[in-house]
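For reference, the chains in residue letters:
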Amino acid sequence: MARSPSSKPTPSKSAPSPVSPSPAAAQVDALLRNFRLEDVPSHLLRRAHFKAEEIFATTFSGEGVTPRQKAALVLLYQEPGLSQNSLSERLAMDRNTVAEMVRRMHGGGLIERRPSPTDARAYQLYVAPAGLDLLCRVMPRDVVVEDQLLARLPEEYRGLFVKCLRLIAEYDNEADAPKPDPQPD
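The following refers to the structure shown.

Rules used throughout
Residues numbered from 1 in each chain as written. Predicted model: local features only at pLDDT ≥ 70, side-chain atom pairs only at ≥ 80, totals over all residues. Heavy atoms only, no water. Axes fitted to C-alpha atoms, helices over the stretch in contact; angles between N-to-C directions. Helix = DSSP H or I, 4+ residues; strand = E, 2+ residues; numbered from the N terminus. Parallel < 35°, antiparallel > 145°, perpendicular 65-115°, else oblique. Left-handed = near helix turned anticlockwise from the far one by under 90°. Contact = heavy atoms within 4.5 Å. Core = buried A, V, L, I, M, F, W, Y, C linked by side-chain atoms within 4.5 Å. Buried < 20%, exposed > 50% of the residue type's maximum accessible area, 1.4 Å probe, protein only. Phe/Tyr/Trp six-rings, centres within 6.5 Å; stacked < 30°, edge-to-face > 60°. Lys NZ or Arg CZ within 6 Å of the ring centre and 35° of its normal. Pairing = 2+ DSSP bridges. Patch = residues over 30% accessible without salt bridge, like charges linked within 9 Å, V, L, I, M, F, W, Y side chains within 5 Å. Areas by Shrake-Rupley, 256 points an atom, 1.4 Å probe, with all protein chains shown as cover. Salt bridge = Lys/Arg side-chain N within 4 Å of Asp/Glu carboxyl O. Expected span 1.5 Å × (residues − 1).

**Structural notes on the packing of helix α4 (residues 84-91) against helix α5 (residues 95-107)**
Geometrically, a packed helix pair is captured by the angle between its two axes and the distance between the axes.
Right, so step 1: Between α4 and α5, the shortest axis-to-axis distance is 9 Å and the interhelical angle comes to 115°. Here α4 is positioned roughly perpendicular relative to α5, judged by the angle of their axes. As α4 packs across α5, the resulting crossing turns out to be right-handed. Residue-level inspection shows Gln84, Asn85, Leu87, Ser88 and Leu91 of α4 in contact with α5, the latter providing Arg95, Val98, Ala99, Met101 and Val102.

Okay, here's the thing in structure tokens:
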């Protein structure tokens, strides 16, 4: 029997299944019901990072420098002649990102690249005069950025907070991971 165009089948509403959810599904459901994003350390660290970036950008809006560029200039001032790979390691950034940053900073006159006397494939990096001028303008105000970032913490917790961040940042997954017990042959 054919249906008329005006009679459409009514969608059936599915009734709750009489089958109980699996223990894994019930466990996930409980986790999700009790999950509070505002209590998740990785989420809070990300939000704090965004706040730090915002404070830096506001404080140095006229300077055209990023926090990572400032850090690179500081490291090159303290350790003139670092290789690009060493700079990458010291900044805890991947090599490709640092290579692009170095290219831009060199193009902007902030750093100098000189061929390494010991490795024909490498360059040694130095703060250029324009980079030193930038550091002279930025560094006296840099303490304001850090103070503003930590302002919500009680004074007596600030040192401990930085120490805890350092413990997290310096954690080496492979070196610090518990070693599995050797399996008997």
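**A look at the nonpolar core**
Right, so step 1: One finds Leu73, Leu87, Leu91, Met105 and Ile111 to be the most contacted residues of the largest nonpolar core, which totals 24 residues.
Right, so step 2: Among the secondary structure elements, those contributing two or more residues to this core are α2 (41-59), α3 (67-78), α4, α5 and α6 (129-150).
Right, so step 3: With residues near it in sequence (within four places) discarded, Leu91 still touches Arg68, Ala71, Ala72, Leu75, Val98 and Met101.

**Focus on the environment of Ser83**
Right, so step 1: By secondary structure assignment, the location of Ser83 is in strand β1 (residues 82-83).
Right, so step 2: Residue Ser83 is classed as partly exposed on the basis of its relative accessible area, which comes to 24%.
Right, so step 3: A sequence separation of 32 residues divides Ser83 from Pro115, and the C-alpha atoms of the two residues are 9.7 Å apart.
Right, so step 4: Not counting the four nearest positions on each side in its chain, Ser83 is found in contact with Tyr123 and Leu125.

**Observations concerning the packing of aromatic side chains**
Right, so step 1: Scanning the model with the defined rule gives 1 aromatic pair in all.
Right, so step 2: Sitting over the ring of Tyr126, Arg114 keeps its end group 3.9 Å from the ring centre.

**A closer look at the side chain of Lys70**
Right, so step 1: Along the chain, Lys70 falls in helix α3.
Right, so step 2: Assessed through its relative accessible area of 12%, Lys70 is described here as buried.
Right, so step 3: For Lys70, the residues in contact, after removing those within four places along its chain, are Phe56, Val65, Leu135, Val138, Met139 and Asp142.

**A closer look at the sheet that holds β1**
Right, so step 1: Across the sheet, which stays open at both edges, the 3 strands sit in the order β1-β3-β2 with antiparallel pairing between neighbours. In this open sheet, the two edge strands, each paired with only one partner strand, are β1 and β2 (111-115).
Right, so step 2: Here β2 pairs with strand β3 (residues 123-127) via 5 bridges, running antiparallel. Across the sheet, residue Arg114 finds its bridge partner in β3, namely Gln124.

**Digging into a nonpolar patch on the surface**
Right, so step 1: A grouping of Leu45, Phe161, Val162, Leu165 and Ile168 is seen on the molecular surface, where their side chains present a nonpolar patch of about 380 Å² in accessible area.
Right, so step 2: Here Phe161 is to be found in helix α7 (residues 155-169).
Right, so step 3: According to the relative accessible area criterion, Phe161 is partly exposed, its value standing at 33%.

**Quick look at α3**
Right, so step 1: The first and last C-alpha atoms of α3 sit 17 Å apart over 12 residues, in line with the 16 Å expected at 1.5 Å per residue.
Right, so step 2: Those residues of α3 not exposed but buried are Gln69, Lys70, Ala72, Leu73, Val74, Leu75 and Leu76.

**Re the environment of Gln84**
Right, so step 1: Turning to its location among the elements, Gln84 is positioned in helix α4.
Right, so step 2: Residues Gln84 and Gln124, spaced 40 residues apart in sequence, show a C-alpha to C-alpha distance of 7.1 Å.
Right, so step 3: If we ignore the near neighbours within four places in the chain, the residues touching Gln84 are Val98, Ala99, Val102, Tyr123 and Leu125.

**A word on the packing of α2 against α6**
Right, so step 1: The geometry of α2 relative to α6 is characterised by a closest axis approach of 10 Å and an angle of 145° between their N-to-C directions. Here α2 runs over α6; the crossing is right-handed. Contacts between α2 and α6 involve Ala48, Lys51, Ala52, Ile55, Phe56 and Thr59 from the former and Arg141, Asp142, Val145, Gln148 and Leu149 from the latter.

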